[in-house]
Structures are given as C-alpha cells and as structure tokens.
Amino acid sequence: MLDEQLTARGIRSARVLAALGRVDRAYFVPDTLRPDAYADRALPIACEQTISQPYIVALMTEALELSGSERVLEIGTGSGYQAAVLAELAAWVVTVERHAELSREAARRLYSLGYQNVSLIVGDGTLGWPELAPYDRIVITAAGPEVPPALWEQLAEGGILVAPLGPPESQDLQQIRKIGGQPLVCSLGGCRFVPLLSAAGASDEPA
Ligand code: SAH
C-alpha cells in the first residue's frame, strides 16, 4: 500500500509514510471488508459514511505539514482512521463527528490502540470546537461549498486548513494558509468526499 499507492503517486514525507505504515487500516474498516482493507479506494462504514482512500489520507496529512507540536482539529471522525494518523504526528487531536455511533466506535478503537492524545466530540463540526481554539491545523474530511466561517476563525494565524471544497459530485482538495488573517490557497487536485452536513442535516445550506 505504501509503495504502490502513496510513494508512487508523490507522497514524499517520510514522517507521513511512517505514520501510515504504523496505523493498520484493517482495524478501522467493518469486519466484512477486512479483505479490502488496503484497497486503493474509500470503503463504506456505518451510518452511510466512508473511510477515505489511503492516498487521500496521506495527501491531506502531508499538506498539514505537521512537525509534532501542533493542536489539530478534524471535522468528520468517521472510522477514526485519519484521527489515528494525525495522533501519530501531532501533539493533540480534537475530532468532531455528528453521528454519535461513529464517534463511539472510533473512540473504542483509538483507546484500545493506546492513543491518549485524541479528544472525540459529538456535534456539528461546521461550528468547530471553540473551547479548545485556536488550532494550528484544521482538516475537514467532508465536502462543502466553502470553509465554514467558524472554522476559519478557529484557525491560528500562520496555521493551515485542508479541505475538499466544491459541489457534492466532485471537489478540489485545498491547502489554505492563514497569513495576516488572509487565506493563501494551494490546490492539491480533485477528490470526492461525503457531504459536510449542518446540524439540521441540510447539505446545501451555507455552512
Ligand atoms: N475521517 C474519516 C472519514 C470521514 S467521512 C475517517 O478517517 O474514517 C466524513 C464524516 O464526516 C462522516 O462520518 C460524517 O458523518 C461526518 N460529518 C458530516 N458532516 C458533519 C458535521 N457537520 N459535523 C461533524 N461531522 C460531520
């Protein structure tokens, strides 16, 4: 998986590759999909959601440029896979999920794997988690038309936010730096994520 799917496609960071090597994706997929755990695609999890493709997890993580000291906010805990990779590379991870069932399962996995630097929160991620703001890094693992304003506010100056932005059918993965309060955007390419929903459940409301 590391060589064929990640290195071959341009993932260069040794720290990111090592972290992807340490976190076993098989542990985060449903039992029935274990044979497909290292497949080069997103896989279904409970609540009609998905665990992202390994390459996309690597690409997003690399774009966060983590050195180890950062506090990271993840929106969309899902299976907890991306959170585990982040926990390997950052000081603290706060991850918000709207489905309590997914959050509970992810918590069970992360704690049984020994991660002690992850806080799991059930709530509307479009509001972020102001209690622990500002965050050095923010990663949104669900698609929306724009960065929710609350998340931009909770990003520290000099921080980096990575998010799939665009319509439901396909999005542009963007790395956005906050420089002097202004966004500096770098496009990482096309991708497709499940929608970022507001608490009310409407996907087409401005987040
Ligand atoms: N990062 C996950 C994949 C996430 S899929 C992993 O590694 O497995 C996207 C997730 O975002 C889904 O679990 C979905 O329920 C969640 N989500 C969608 N809208 C949300 C919102 N407004 N707040 C919190 N979570 C949300």
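Residues numbered from 1 in each chain as written. Predicted model: local features only at pLDDT ≥ 70, side-chain atom pairs only at ≥ 80, totals over all residues. Heavy atoms only, no water.

A. Seen up close, the site of the ligand. Not every one of the 26 residues close to the ligand is listed here, only the nearest: Gly76, Ser79, Glu97, Gly125 and Leu197. At a separation of 2.9 Å, a nitrogen atom of the ligand approaches a polar backbone atom of Gly76. Within the complex, the protein chains bury 99% of what would otherwise be the 580 Å² of accessible surface of the ligand. Every element with two or more residues in the shell around the ligand is listed here: strand S2 (50–51), helix H4 (81–89) and strand S4 (92–97). (Near = heavy atom within 4 Å. Polar contact = N/O pair within 3.5 Å; in protein donor to acceptor, adjacent residues only side chain to side chain. Areas by Shrake-Rupley, 256 points an atom, 1.4 Å probe, with all protein chains shown as cover. Helix = DSSP H or I, 4+ residues; strand = E, 2+ residues; numbered from the N terminus.)

B. Here's a closer look at the environment of Arg192. With respect to the secondary-structure elements, Arg192 resides in the segment after strand S9 (182–191). Exposure remark for Arg192: the relative accessible area of 66% places this residue in the exposed category. Distance from Arg192 to Glu169, taken between C-alpha atoms, is 6.8 Å for residues 23 residues apart in sequence. Excluding residues within four positions of it along the chain, Arg192 makes contact with Pro168, Glu169 and Gln171. (Buried < 20%, exposed > 50% of the residue type's maximum accessible area, 1.4 Å probe, protein only. Contact = heavy atoms within 4.5 Å.)

C. Looking closely at the pairing of S4. With five of six residues buried, S4 is to be regarded as a mostly interior element. Here five bridges tie strand S3 (residues 71–75) to S4, and the two strands are oriented parallel to one another. Directly across from Ile75, in S4, lies its bridge partner Val96. What joins S3 to S4 is H4, and the crossover it makes is right-handed. Across five bridges, S4 lies against strand S5 (residues 118–122) in parallel orientation. Bridge pairing in S5 places Glu97 opposite Val122. Once the chain exits S4 it traverses helix H5 (residues 100–112) before rejoining the sheet at S5, and the crossover so formed is right-handed. (Pairing = 2+ DSSP bridges. Right-handed = clockwise from strand over helix to strand, strands pointing away.)

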